[in-house]
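Close look at the chain arrangement
Here are the chains, one letter per residue:
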Amino acid sequence: MVTDAATVSRRTLALGTLAALTTGLSTPAYASGRHHREMRGVWLATVANRDWPSRPGLPPEEQRAELIAHLDRAVADRLNTVIFQVRPTADALWPSPYEPWSEYLTGTQGRDPGWDPLGTAVREAHGRGLELHAWFNPYRIANHTDPGRLTPDHPARLHPEWVVPYGGKLYYNPGLPEVRRFVRLAMLDAVAKYPVDAVHFDDYFYPYPVDDYFYPYPVAGQTFDDDAAYDAYGGAFDDRAAWRRDNIDRLVREVAAGIRRVRPGTRFGISPFGVWRNAATDPAGSDTQAGVQTYDDLYADTRTWVREHWIDYIVPQIYWNIGFPAADYAKLLDWWAAQVAGTRTRLYVGEALYKVGAAGQPTAWQDPAELSRHLTLADAYPQVRGHVFFAAQDVARDPLGAMARVVADHYRRPARPPR
């Protein structure tokens, strides 16, 4: 990590900000003004009807009204970008020639909902001055392990050799070139048909290990069975981990090239789990003790994607409070700012609005000012070009008034997204 006078000055300023915050000064004067161009985003999740639609099977006019209400709320909170999940589980929220309509619309996978959610979202968002980023999950097929529940013509049923069951779910195998080609075509179909402002991936590449806190039920001894693919394609690599990382690297590079070919000017962003590697694992890593490391567990070398400018923006999910022992928001903010420094990759910070007021969360999340403190701290870093909040339903219900506090402290005037 390069350290120069500017970096030392920036860190001194950040530490001074943190000291002020811990003595109850939630918005120091220097942080009151925001850049006129910054990301102010919200994720709008459709998987399992998390944010929208509120339940499957609603009439088209009710689904459309709920969608527009989320867009209107974004405008009211002076946000400027909606990241809309359009391919949650190897399905589609637009008429796709590759994959079935999503079950989260009608309750039945493959059933035509009678309208075009993605087309409507793009048109209505742009009409309100919002950017619309199309959010895809590349490899997740289903949140169950029964292929018989998929439509008869589902690609996963037509090509069972592409599928790996793991942790109670079905996944496409990232190690197969034909899988990478298929998921790329399926996703780029939406980019070709609609003037989306960006393509967006979240944190799911190879699945999270089943023995960590993401899986509350016992699944000990499970492995992601990609033996045959590794035997066929892994010969040039020292070990399976390096081969898996290369598979994900290839997907990122190939999707980026496809976007440039299909709709030049459309950006490509990824929102990974917030920890690349702990410093105890790699001196280049962050001062954290996280139980998951994207490089080692998800085979996603997020740091390289930034440094090589394979992506236009990165939104690390720094979903912890300031001072959290295993993964301190302040330390991770500093680490990510250092990673993007001198690169052409934009840094936006993923914010855990969903944790505010939630049972079982640390005391910090019971304070409505915690998120506002995050933005105040981030304002000391010129590399941070904005924030994205998880997720739309939480923006709508505004737990403890935390989002209203963010708007009052930091979003007093509209801002255009970075370009």
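Look above for the structure.
Below is a short write-up of the structure. (Residues numbered from 1 in each chain as written. Predicted model: local features only at pLDDT ≥ 70, side-chain atom pairs only at ≥ 80, totals over all residues. Heavy atoms only, no water.)

If you walk through the whole model with that rule in mind, you get 27 aromatic pairs. With a centroid separation of 5.8 Å and 75 degrees between ring planes, the pair formed by Tyr166 and Phe224 is classed as edge-to-face. With Tyr166 in strand E5 (residues 163-166) and Phe224 in the loop between strand E7 (198-201) and helix H7 (227-233), this residue pair connects regions lying 58 residues apart in the sequence. Of the two residues, Tyr166 and Phe224, neither departs from the other in class, the shared state being buried. Plain terms: the ring middles of Tyr354 and Phe390 are 5.7 Å apart, the flat faces sit at 85 degrees to each other, and that makes the pair edge-to-face. (Phe/Tyr/Trp six-rings, centres within 6.5 Å; stacked < 30°, edge-to-face > 60°. Helix = DSSP H or I, 4+ residues; strand = E, 2+ residues; numbered from the N terminus. Buried < 20%, exposed > 50% of the residue type's maximum accessible area, 1.4 Å probe, protein only.)

A negative phi holds for most residues other than glycine; trans holds for most peptide bonds. For the bond from Trp52 to Pro53, the omega torsion is -20 degrees, close enough to zero to count as cis. Within the fold, Pro53 resides in the loop between strand E1 (39-44) and helix H2 (60-76). Omega for the bond connecting Phe390 with Ala391 falls within 30 degrees of zero, at 0 degrees, which places this linkage in the cis form. Here Ala391 is to be found in the loop between strand E11 (384-389) and helix H13 (392-397). Here Ala48, not a glycine, exhibits a phi torsion of approximately 55 degrees, which is positive. With respect to the secondary-structure elements, Ala48 resides in the loop between E1 and H2. For Ala48, a relative accessible area of 55% corresponds to the exposed category.

Turning our attention to the sheet that holds strand E6 (residues 169-172). Taken in spatial order, the 3 strands line up as E4-E6-E5 in an open sheet, and their pairing is antiparallel. Bordering the open sheet on either side are strand E4 (140-142) and E5, each of which pairs with just one other strand. On average, adjacent strands in this sheet sit at an angle of 35 degrees to one another, irrespective of strand direction. Looking at chain direction, E5 and E6 are connected through 4 bridges and run antiparallel. From the neighbouring strand, Pro165 faces E6, where its bridge partner is Leu170. (Pairing = 2+ DSSP bridges. Axes fitted to C-alpha atoms, helices over the stretch in contact; angles between N-to-C directions.)

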